[in-house]
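Inside the fold
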Amino acid sequence: MRKGIHPEYGPVVFRDRAANHAFLTRSTLAGAQTGKTIEWEDGAAYPVVDVEISNVSHPFYTGTARVLDTAGRVERFERRYGKRGGA
């Protein structure tokens, strides 16, 4: 790899504010000057990036996804616009 053209890659804490959950990983956002740091469980300070949603709060991962009533939507569409005739 050429020197000086790639972003800094290092440890970063991603914090899901909605679920009050944080995890430490490596990212190219380590070089971003966010100005915010957090003290992690190991006692070291790492840059922190606040995210709106993560695997802890996303409905797909938590199993709390809403089930849509697709049959009701189809029936309402057919009532409004009529059933389509055969070819």
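Heads up: these notes are all about the structure in this document. (Residues numbered from 1 in each chain as written. Predicted model: local features only at pLDDT ≥ 70, side-chain atom pairs only at ≥ 80, totals over all residues. Heavy atoms only, no water.)

Before going further, it helps to examine a positive patch on the surface. A contiguous patch of positive charge, built from Arg 73, Arg 76, Arg 79 and Arg 80, is present on the exposed surface. With respect to the helices and strands, Arg 73 occurs in helix α2 (residues 70–81). Classification of Arg 73 as partly exposed rests on a relative accessible area of 46%. (Patch = residues over 30% accessible without salt bridge, like charges linked within 9 Å, V, L, I, M, F, W, Y side chains within 5 Å. Areas by Shrake-Rupley, 256 points an atom, 1.4 Å probe, with all protein chains shown as cover. Salt bridge = Lys/Arg side-chain N within 4 Å of Asp/Glu carboxyl O. Lys, Arg positive; Asp, Glu negative; His and termini not counted. Charge placed at Lys NZ, Arg CZ, Asp CG, Glu CD. Helix = DSSP H or I, 4+ residues; strand = E, 2+ residues; numbered from the N terminus. Buried < 20%, exposed > 50% of the residue type's maximum accessible area, 1.4 Å probe, protein only.)

Now for the pairing of strand β4 (residues 45–51). Where strand β1 (residues 10–16) meets β4, four bridges bridge the pair, whose relative direction is parallel. Of the residues in β4, the one forming a bridge with Arg 15 is Asp 50. Relative to β4, strand β3 (residues 37–39) runs antiparallel, the two being bridged by three bridges. Residue Thr 37 lies in a different strand from β4, and its bridge partner there is Pro 47. Here β3 hands over to β4 after five residues, with Gly 43 in that stretch at a positive phi of 90°. (Pairing = 2+ DSSP bridges.)

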